[in-house]
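Commentary on secondary and tertiary structure
The residues making up each chain are set out below.
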Amino acid sequence: ANQDDLKDPTVTASIAVSNEIIQRNKRMALAYLYERVKRIEDVWWTRSSVLPEDVRPNLSRSEKEYFEGYDELMDSYSRTMDVDIASDLLPPEDFMVEVRILKDCGEIVLKSGQFVNLKKSTIFMRRSDAEGIIQQGLAVILDK
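Report on the accompanying structure. Remember, it's a predicted structure, so these values are computed and weren't measured experimentally. (Residues numbered from 1 in each chain as written. Predicted model: local features only at pLDDT ≥ 70, side-chain atom pairs only at ≥ 80, totals over all residues. Heavy atoms only, no water.)

**Re the packing of helix 2 (residues 9–46) against helix 3 (residues 61–81)**
- Interhelical geometry of helix 2 versus helix 3 gives an angle of 50 degrees and a closest axis separation of 10 Å. What the angle tells us is that helix 2 and helix 3 run oblique. As helix 2 packs across helix 3, the resulting crossing turns out to be right-handed. On helix 3, the residues that touch Arg36, Val37, Ile40, Glu41, Val43, Trp44 and Trp45 of helix 2 are Glu63, Tyr66, Phe67, Tyr70, Asp71 and Met74.
- By residue class, the composition of the contact of helix 2 with helix 3 is 9 nonpolar, no polar and 4 charged. (Axes fitted to C-alpha atoms, helices over the stretch in contact; angles between N-to-C directions. Helix = DSSP H or I, 4+ residues; strand = E, 2+ residues; numbered from the N terminus. Parallel < 35°, antiparallel > 145°, perpendicular 65-115°, else oblique. Left-handed = near helix turned anticlockwise from the far one by under 90°. Contact = heavy atoms within 4.5 Å. Nonpolar A, V, L, I, M, F, W, Y, C, P; charged D, E, K, R; others polar.)

In structure tokens form, the structure reads like this:
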């Protein structure tokens, strides 16, 4: 715009409105991206450090890279502090819990070091051992 155009109130109003629209769109885009980041981090905290198959197709390549980077960061912090930050997110109600295994998984090693053959069934196990397989979507805790 030249100097004469800037004296016209309709031009200056148009420029001001355009600027406000750009600023609003920028805020909306940043809010959307922030929400996506929070949801990706929530998947790590609530589901597991492995990106679930039902979530993977809904993420862009950049979001998958962010998840992997977040996992590496949390793993590094956990090792540095020598604490498993992803376990025991809530205080335990019971030491032992009844767990329904949702699919056959074969033999796995639990946190306690115990080997167990996981097949579709209901078993009684330590809460700390159950948390890992629950976060991976392989089992659910049965209500009392």
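**Comments concerning the side chain of Asp129**
- In this fold, Asp129 is placed in helix 4 (residues 127–135).
- Of the side chains bearing the opposite charge, Arg126 lies closest to the buried Asp129, which forms no salt bridge; the N-O distance is 4.8 Å.
- Not counting residues up to four positions away in its chain, the partners in contact with Asp129 are Leu110, Lys111, Ser112 and Gln114. (Buried < 20%, exposed > 50% of the residue type's maximum accessible area, 1.4 Å probe, protein only. Lys, Arg positive; Asp, Glu negative; His and termini not counted. Salt bridge = Lys/Arg side-chain N within 4 Å of Asp/Glu carboxyl O.)

**Considerations on the sheet that holds strand 5 (residues 139–141)**
- With respect to topology, 3 strands assemble into an open sheet ordered 4-1-5, the strand pairing being antiparallel. Every interior strand has two partners, whereas the edge strands, strand 4 (121–126) and strand 5, have only one. Strand after strand, the sheet turns through a mean of 35 degrees between neighbouring axes, direction not considered.
- Relative to strand 4, strand 1 (residues 96–101) runs antiparallel, the two being bridged by 6 bridges. Looking at strand 4, one finds that Val99 is bridged to Ile123. (Pairing = 2+ DSSP bridges.)

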